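Architecture and fold: a report
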Amino acid sequence: MRNTSKVLGVAALCFGGAVAMSIPAQAWEPTHPIEIIVPAGTGGGADQMARVMQGIITKHNLSKQSVVVINQSGGAGGEGF
């Protein structure tokens, strides 16, 4: 009895995986500018990382929309979050 339920479970999992793999991936493209909100002041590590990401996205044309970095410091990061 137990082996039958295990076999059915594995078969259902394999079938679900095969169905998921056969569906082509749908590309999603934003319709508005992308805003990266940094919950810290300018010049810090989080700001530098966001600006590096912005540069990579722009340089390699990964998005048709523009990428904007917005620094919202204050409230111990609560404003940005």
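Refer to the structure presented above.
Summary of the structure given here. The structure displayed is predicted, hence computed values, not measured ones.

**Things to note about the nonpolar core**
Grouped together as the largest cluster of nonpolar side chains are 5 residues: Ile36, Val38, Ala50, Val67 and Val69. Among the elements of the structure, β1 (34–38) and β2 (67–71) are those that each provide at least two residues to this core. Beyond its immediate stretch of four places on either side in the chain, Ile36 contacts Ala50, Met53, Val67, Val68, Val69 and Ile70.

**Focus: the side chain of Asp47**
Note on placement: Asp47 falls in helix α2 (residues 45–59). We classify Asp47 as buried; its relative accessible area is 6%. Residues contacting Asp47, with those up to four places away along its chain left out, are Val38, Gly41, Thr42, Val69 and Asn71.

Reading guide: rules and limits
- Residues numbered from 1 in each chain as written.
- Predicted model: local features only at pLDDT ≥ 70, side-chain atom pairs only at ≥ 80, totals over all residues.
- Heavy atoms only, no water.
- Core = buried A, V, L, I, M, F, W, Y, C linked by side-chain atoms within 4.5 Å.
- Buried < 20%, exposed > 50% of the residue type's maximum accessible area, 1.4 Å probe, protein only.
- Helix = DSSP H or I, 4+ residues; strand = E, 2+ residues; numbered from the N terminus.
- Contact = heavy atoms within 4.5 Å.

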